[in-house]
6 protein chains.
Amino acid sequence: MIRPSGRNADALRPVQVTRNFTKHAEGSVLIACGDTKVLCTASVEEKVPPFLRGAGKGWVTAEYSMLPRATRERVARESAKGRIGGRTHEIQRLIGRSLRAAVDLQALGERTIWVDCDVLQADGGTRTASITGACLAVADAVQHLRTVGQLRNNPLRDWVAAVSVGVYQGQAVLDLDYAEDSNADVDMNVVMTGAGAFVEVQGTAEGAVFSAEQMAEMLALARKGIAELVARQHQECPEARS
Amino acid sequence: MIRPSGRNADALRPVQVTRNFTKHAEGSVLIACGDTKVLCTASVEEKVPPFLRGAGKGWVTAEYSMLPRATRERVARESAKGRIGGRTHEIQRLIGRSLRAAVDLQALGERTIWVDCDVLQADGGTRTASITGACLAVADAVQHLRTVGQLRNNPLRDWVAAVSVGVYQGQAVLDLDYAEDSNADVDMNVVMTGAGAFVEVQGTAEGAVFSAEQMAEMLALARKGIAELVARQHQECPEARS
Amino acid sequence: MIRPSGRNADALRPVQVTRNFTKHAEGSVLIACGDTKVLCTASVEEKVPPFLRGAGKGWVTAEYSMLPRATRERVARESAKGRIGGRTHEIQRLIGRSLRAAVDLQALGERTIWVDCDVLQADGGTRTASITGACLAVADAVQHLRTVGQLRNNPLRDWVAAVSVGVYQGQAVLDLDYAEDSNADVDMNVVMTGAGAFVEVQGTAEGAVFSAEQMAEMLALARKGIAELVARQHQECPEARS
Amino acid sequence: MIRPSGRNADALRPVQVTRNFTKHAEGSVLIACGDTKVLCTASVEEKVPPFLRGAGKGWVTAEYSMLPRATRERVARESAKGRIGGRTHEIQRLIGRSLRAAVDLQALGERTIWVDCDVLQADGGTRTASITGACLAVADAVQHLRTVGQLRNNPLRDWVAAVSVGVYQGQAVLDLDYAEDSNADVDMNVVMTGAGAFVEVQGTAEGAVFSAEQMAEMLALARKGIAELVARQHQECPEARS
Amino acid sequence: MIRPSGRNADALRPVQVTRNFTKHAEGSVLIACGDTKVLCTASVEEKVPPFLRGAGKGWVTAEYSMLPRATRERVARESAKGRIGGRTHEIQRLIGRSLRAAVDLQALGERTIWVDCDVLQADGGTRTASITGACLAVADAVQHLRTVGQLRNNPLRDWVAAVSVGVYQGQAVLDLDYAEDSNADVDMNVVMTGAGAFVEVQGTAEGAVFSAEQMAEMLALARKGIAELVARQHQECPEARS
Amino acid sequence: MIRPSGRNADALRPVQVTRNFTKHAEGSVLIACGDTKVLCTASVEEKVPPFLRGAGKGWVTAEYSMLPRATRERVARESAKGRIGGRTHEIQRLIGRSLRAAVDLQALGERTIWVDCDVLQADGGTRTASITGACLAVADAVQHLRTVGQLRNNPLRDWVAAVSVGVYQGQAVLDLDYAEDSNADVDMNVVMTGAGAFVEVQGTAEGAVFSAEQMAEMLALARKGIAELVARQHQECPEARS
């Protein structure tokens, strides 16, 4: 089998990272995984949601959206439809949980980091690119708080990155682009820490099923890909883990 | 470690199934997994959603809701809030995908099966109980269509059942109830077929992480529990797989 | 004229009451009036709505919903439509007002009883079955508050029950089921107390009219039916009126 | 007992009717019942709702709203709140049903009459004033259709008018104004035809109850008041019943 | 060119003003500009929006709506559609800004004037008639506050009035009615003070453009028309500027 | 007076244009006016809105949004709030009208150009930058249609560009940035064609007024600035006007 992109089964797409892509946010990272481009910003708010008030710890939450023409066909805005769809809900909850695994909420103190992931261009894997990019944006926001003296301890416990794996034409492959994703039997999103622990595993077979063996192959590919992504995160912002 | 319920780590809660719980639906199953009770109905509609029109195949879709006082504290209705929350979206998409893995949509013909899972009483694992119960309701609806002569071939390809597994106080356990679920580090919902293939794996660690070893333990427990649930489905309605 | 059910013009359908149908609510009653089945729960909240704060008295409010396949044809959920329809608004306001006639709000103290009436199966008369069942659920919730010592005086002033009457094929009949209701010229819902006073009278003639004589006949039937329902309430829970 | 307005217990407030109050609508009536002023328009649309298509008959439907400062305190617009409240739903359903009792939908043909009742100034009894005024607006719209030759037979079967009655300080009174309405124990809205048949009876006792005797007194007052209102309708537009 | 109404290019439509059209509002003005009739009420609320709390000054805000049959064809209510459209938003923001130019918010003190402009009948120029009428309603509300002693200084700094101008069949004309408005190349709404200063200029050419010369002609006509409207305002309520 | 940016009163901010910023849209332009950065895409859809069906002409419509952290303080998404605010409505209607002045809808044929203006970073003048950038995106989309042979005649009639002018500390200035805009007495957005005709003039004085002389000064500055912007548009894409 030859992948549409010509990549090896275990090859990531090229990753490009632009920090400080916009100027107002405490963290602002444009991440490109191949042709998928996501602007991830991290905004610090000096209060916490009602359910945490007085608990002496912070919160990290995420919102996700695609620009209407990030995709091959224009998609109507969710603001125009008056409601956020199920897919968006699922993705932004996933991003938020993943980032909270990277952050020591106690050390963050009573503040919220709002993460916004806005997909400027989509070519498969937007939710995993969002997580990888957003972790860098959170790192920059945390660095900002440390620089201005608002944090004593570093709340970033570890890097968190994500990648999709799947079964395409019977074979397990890493980091599916749109051409693969729209034809894959199985699609699995994996989120892991720099230390190699799982944060999330979400495997889905629309109209198909997968075997325990295929699952093991996919998890191995994910482990390899995420290790490369974490290395890249660390290279971009080594000070974040000091 | 002793589980709050006193169960062994690999023990399911007692399962009770009441078929034809209500009289109008083509399939109507009340499933009780311990104190979690879900009414699952399957309704046949002789048309398909717009994206499938003329494609010569059918559709299975699901909706999920909890009665306001299914829970310890009363929860406001989503109809009163005017919108469906992210958790509900996630769950009903999961149920729908799981059931579509059980049904040959081609053999179903151009009709839709609407599955409604309404939680009457909640004690953890409502989404997995919904899938297990709904598969029986779909089986009954399919049997109804076969009985009245509207289906030549049996579209039920296999049973599909689901269970939650997790890590509670450091140990992998099967079929978490609320007392465990609300204190677990890791929560994983697994959906499998009667033949033992995976349909969905959704593992989540809120504020924690899990190792590859823990994952393997959880998957083994899930496999055991789902095999028991499928046996129970088959015992309830053996004609569905003929 | 022979009624579709074969009942006499002045005969109620068989009534079945299951108390403690679910375990979390302070009051939980499944009432069946023939094939109409409604789960009525009463939940106690230790605060009152803004307009009553500091007034030294409590509140009783109700919500009503039908499960999507409670009916012959599946009906879309109001949560999916994003709004509560006019019929639902009308019914839940009616239930709330009816129950407030049964409860001494002063004696209840600064707390709210939330009543939820969820129709599991519909065969006509769902709103009146809701009122009759909900009054029992409120009674159980009130008993719970008395048992745990949170109430000095009994706030249940009297039983309240409801029934529908109508003109079917020219004759006044009691307790219409769906077969009659969908063909009746006149439909009247009557709510009365155990002492025989009126709480609500709502008579409607869709596309028809009714005479003063017919009205008198319907009111007499309602009085008879409600007396029987109140007797049944009292038999279920005699301690509520002590 | 002396009523706040000094009226006898069986006295209506003065009624003023201005036909053709606005110029675009086929029927446009400003009705004043004392200080309650409602602009009622009837608009003809040459199609019917989906459920009536091809049925060879027409439809009459109503919407009701209050201007924000029709009342003592300004009330927020329902458009600004993004939803129509329960009270509004109840009232517009009542108006629609009442008018359909006045109109032979077969004779109306496949068209819809949209009735809009907008309360310019409120002083109690806005829903009953709406019905009485709207029936005149419908009559004018029907006359317009007859004049331009679009109707062979007169679809107005009879006049329909409405009034409120209640128990105020222990005594049954006719046509309550705000000062009485806000203090009444019982409030009943009655809709009748010119021929003296009932269309709707809606009696409500918020936090109170009423006896069969009080009900009879209220109904007698309503009958008297409605007879006067129908006489006034006929005087305004005698040609409508020819 | 002869205008559809036969008016000269620089002639306003006849203006009629009815003060105290309804009885509850502090200011209530029915303004008719030709066949355009708008009920403008001003309601005083003794608090300010959150962004002004503690700032020691007041606020003026406006809402605008058309009755469904104010127009040639019935238009669905925005409350029924569940949202306020773009045109309504634009107009009510314009009215609010215009009135705030007339009022010294410091002198008004910490209170809000809610202005409601409800179009009873539309024939072009409803937003400009709303502004002219609403300024009178605000003047009456302010007079009411002065009369009851709640204001030391007069917060009405100047009259504010508005008119539309446009290019119709190549010629600049004043105060377009619907027949002109729906065929005009250019439509400009101008708001000015009694002293002749601009508050708002909003010129729009749907599918066309306009020259600097045409703009000058339109502004001259607007100046003339607004001077006449301000004179009329002053004649109605000379005490407001004392 | 010295402007916060040090610019002369009649100086534009530096303009940067990146065509083909994203790959899916028929036109995709990132425009930067100083620190204001807007991504403008033009998407071609081969159908027209209902009101134009069969009319043999096309349509151009626009949507506008700001990313949550485009601004100094994070602003909640309109999708999360469930509705589009008044300011957004105003702006997207303005953009749409402005672009329709640039396009011969007859020559466009029965198709729609959807313009999306998403503000990545805001520093004043986002709506005028959107118009100037969107006109280029429309030009690119039109060129695409010509290149693939779907258009015989060039529907781009002229360039359209926009700029803001205002009165800042008593002096008329061109192209206000945020520091000026938030302190200006008067703010006017002007849209003009390459030929120097007006498309829109929207002058607003929040809490202030402006004289005829100030208006003339502002219009002269706008004319100068727009001429420079049009020159820049033409330099970017000279083929668009051939």
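What counts and what doesn't
Residues numbered from 1 in each chain as written. Chains lettered and ligands numbered in written order. Predicted model: local features only at pLDDT ≥ 70, side-chain atom pairs only at ≥ 80, totals over all residues. Heavy atoms only, no water. Contact = heavy atoms within 4.5 Å. Salt bridge = Lys/Arg side-chain N within 4 Å of Asp/Glu carboxyl O. Polar contact = N/O pair within 3.5 Å; in protein donor to acceptor, adjacent residues only side chain to side chain. Helix = DSSP H or I, 4+ residues; strand = E, 2+ residues; numbered from the N terminus. Nonpolar A, V, L, I, M, F, W, Y, C, P; charged D, E, K, R; others polar. Buried area = accessible area lost by both parts, 1.4 Å probe. Pairing = 2+ DSSP bridges. Least-squares fit on C-alpha atoms with pLDDT ≥ 70 in both. UniProt positions renumbered as here; feature names shortened; annotations may be inferred. Axes fitted to C-alpha atoms, helices over the stretch in contact; angles between N-to-C directions.

A. Just the interface of chain A and chain F, in detail. The partner chain F presents 35 residues to the 36 residues of chain A that form the contact. For R77(F), the salt bridge is made with E63(A), and the minimal N-O distance between the two is 2.9 Å. The tally of links from chain A across to chain F stands at 23 residue pairs in polar contact (both at pLDDT 80 or more). Of all the elements in the fold, those that place two or more residues in the side of chain A that touches chain F are β3 (36–45), β4 (59–66), α1 (78–81) and β5 (112–121) of chain A. Sorting elements by how many residues they give to the side of chain A that touches chain F places β5(A) first, with 6 residues. Considering only residue class, the side of chain A that touches chain F consists of 15 nonpolar, 9 polar and 12 charged.

B. Structural context of the interface of chain A and chain B. Between chain A and chain B, the residue contacts involve 31 residues of the former and 31 residues of the latter. Carbon and sulfur atoms make up 52% of the surface buried where chain A meets chain B, a total of about 2500 Å² over both sides. Summed over the shared surface of chain A and chain B, the result is 3 salt bridges. Summed over the shared surface of chain A and chain B, the number is 11 residue pairs in polar contact (both at pLDDT 80 or more). Secondary-structure elements contributing two or more residues to the side of chain A that touches chain B are α2 (86–102), β9 (198–204) and α6 (212–236) of chain A. For the side of chain A that touches chain B, the leading source of residues is α2(A), giving 8 residues. By residue class, the composition of the side of chain A that touches chain B is 13 nonpolar, 9 polar and 9 charged. In terms of strand pairing, β9(A) meets strand β9 (residues 198–204) of chain B through 5 bridges, oriented antiparallel.

C. Geometry of the relation of the copies chain A and chain B. You can overlay chain A on chain B at an RMSD of 0.0 Å; the transform is a turn of 180 degrees with a shift of 0.0 Å along its axis. The operation mapping one copy onto its partner corresponds to a two-fold rotation axis. Among all residues of chain A, the minimum C-alpha distance to the rotation axis is found for Q202(A), at 2.2 Å. Interface residue correspondence from chain A to chain B reaches 100%, placing this contact among same-surface, isologous pairings.

D. Molecular detail of the UniProt feature "domain: Exoribonuclease phosphorolytic" (unreviewed entry) in chain A. Residues and elements named next belong to chain A. Following the UniProt record, one finds the feature "domain: Exoribonuclease phosphorolytic" (unreviewed entry) at residues 12–141 and 160–225. With 32% helix and 31% strand, residues 12–141 has end C-alpha atoms that lie 27 Å from one another. Between the C-alpha atoms that bound residues 160–225 the distance is 12 Å, and the span itself is 27% helix and 42% strand.

E. Quick look at the sheet that holds strand β8 (residues 186–193) of chain F. Ordered in space as β7(E)-β6(E)-β8(E)-β9(E)-β9(F)-β8(F)-β6(F)-β7(F), the 8 strands form an open sheet in which the pairing is antiparallel. Of all the strands in the sheet, just β7 (171–174) of chain E together with β7 (171–174) of chain F have a single pairing partner and so form its edges. Neighbour-to-neighbour, the strand axes of this sheet turn through a mean angle of 20 degrees, independent of strand direction. Packed on one face of the sheet, helix α2 (residues 86–102) of chain F meets β9 (198–204) of chain E together with β6 (160–168), β8 and β9 (198–204) of chain F and runs near 155 degrees to β9(F). Taken strand by strand, helix α4 (residues 126–147) of chain F contacts β6 and β8 of chain F, and its axis lies near 165 degrees from that of β6(F).

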